[in-house]
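A structural walkthrough
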Amino acid sequence: MFFFTLQFVININIDINSIILFMDKNFIYFYNNLVRLTRNKDLYKDFNSVDEFSDRLIYFLIHFAFFFKNFKKKENNEILQEIYDYTFRQLELSIREIGYGDQSINKKMKDYLNLFHDMIDKIHFWENLNTTEKEKLLKKFIVKSENSSYLLEYFEKYLSILKNNTLNSYLKSVINQ
C-alpha cells in the first residue's frame, strides 16, 4: 500500500516593485494628463526658438502649480503629498532617460524643485493680479514665448476647468480638457 501525500505550496513573494506600481496606478492618469496638456502644440506656436525638454518641463510645472493652487486644502494634504512625490519621481526618471549623470540629475532636480516652489508662491495670489501682472508672471517662467496674452487666456481657462472639477475626478481620469 502506497500513501501519496499532496502538498500544496503557496509561494508568497512580496514584490516591493508591485506595491510601488500599485500606488503608481493611482496617479498615472493624473501624471499622463499633465504630460498631455504639456504637449499642446499651441503652447509652443509663438516660441522665438525651438522648444526643448526644459521648456516642456516648465509648462508641466506650471500646470502642476495651478493644480496645487486649486486643490490645496487641509483635507487634501496627504493625497497632494503623494501626488507631489510621485510626480517628481517620474520627472527624475524622465531626466535619467535623457541621459544625464547622477550628479547632474541631482542638480537639475534641485533646480526644478526650486522653480516649482517659486511658481507655487507666485501663482498662489493669481486672482489678486491684474492682466498685465499675470502676463508678466507667465513671461517670467516662459521666456521663449512671444504671445503672453494667449498663454494668459490658456491658463485662465485651465484654472477655471480645475475649479469646476474635483480632485478625485483628476485622479480617476474622468476629465477631458
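The paragraphs below set out a description of the structure included in this document. (Residues numbered from 1 in each chain as written. Predicted model: local features only at pLDDT ≥ 70, side-chain atom pairs only at ≥ 80, totals over all residues. Heavy atoms only, no water.)

1. Here we look at the nonpolar core
Counting residues in each nonpolar core, the largest one holds 50 residues, and the members touching the most others are F64 and F67. Elements supplying a minimum of two residues to this core: α1 (16–38), α2 (53–71), α3 (77–98), α4 (102–123), α5 (131–141), α6 (148–163) and α7 (167–171). In terms of residue count, α2 provides more of this core than any other element does, twelve residues in total. Not counting residues up to four positions away in its chain, the partners in contact with F64 are F30, L34, I83, Y84, T87, F88 and F116. (Core = buried A, V, L, I, M, F, W, Y, C linked by side-chain atoms within 4.5 Å. Buried < 20%, exposed > 50% of the residue type's maximum accessible area, 1.4 Å probe, protein only. Helix = DSSP H or I, 4+ residues; strand = E, 2+ residues; numbered from the N terminus. Contact = heavy atoms within 4.5 Å.)

2. Considering the pattern of salt bridges
Per the stated rule, a full pass over the model turns up ten salt bridges. The residue R96 makes a salt bridge to E92 at a minimum N-O spacing of 2.9 Å. Of the two residues, R96 and E92 are both situated in helix α3; the distance of four residues between them amounts to about one turn of the helix. Relative accessible area serves as the criterion here: at 34%, R96 is assigned to the partly exposed category. One continuous salt-bridge network, built from bridges that share partners, spans E52, D55 and K144. (Salt bridge = Lys/Arg side-chain N within 4 Å of Asp/Glu carboxyl O.)

3. Some remarks on the packing of aromatic side chains
The way to describe two aromatic rings as a pair is by their centre distance and the angle between their planes. One pass over the structure, following the stated rule, counts 25 aromatic pairs. Look at Y31 and Y86: their rings are 6.1 Å apart centre to centre, the planes differ by 85°, and that puts the pair in the edge-to-face class. Of the two residues, Y31 is situated in helix α1 and Y86 in helix α3; the sequence distance between them amounts to 55 residues. For the pair Y31 and Y86, one class covers both residues: buried. Plain terms: the ring middles of F64 and F68 are 4.9 Å apart, the flat faces sit at 85° to each other, and that makes the pair edge-to-face. Of the two residues, F64 and F68 both sit in helix α2, four residues apart, roughly one turn of that helix. (Phe/Tyr/Trp six-rings, centres within 6.5 Å; stacked < 30°, edge-to-face > 60°.)

4. Comments concerning a nonpolar patch on the surface
Judged by side-chain polarity, F53, I98 and Y100 come together as a nonpolar surface patch covering roughly 250 Å² of accessible area. The residue Y100 is located in the loop between α3 and α4 in this model. The exposure class assigned to Y100 is partly exposed, which follows from its relative accessible area of 33%. (Patch = residues over 30% accessible without salt bridge, like charges linked within 9 Å, V, L, I, M, F, W, Y side chains within 5 Å. Areas by Shrake-Rupley, 256 points an atom, 1.4 Å probe, with all protein chains shown as cover.)

5. A look at the packing of α5 against α6
Where α5 contacts α6, the axes come no closer than 9 Å and their chain directions differ by 100°. It follows that α5 is roughly perpendicular to α6 by the angle criterion. Across the interface between the two elements, T131, K134, E135 and L138 from α5 touch S148, S149, L151, L152, F155 and E156 from α6. Taken together, the residues of the contact of α5 with α6 sort by class into four nonpolar, three polar and three charged. (Axes fitted to C-alpha atoms, helices over the stretch in contact; angles between N-to-C directions. Parallel < 35°, antiparallel > 145°, perpendicular 65-115°, else oblique. Nonpolar A, V, L, I, M, F, W, Y, C, P; charged D, E, K, R; others polar.)

6. Brief notes about the side chain of K134
On the secondary structure map, K134 appears in helix α5. In contact with K134, not counting residues within four places along its chain, are W126, L129, L152 and E156.

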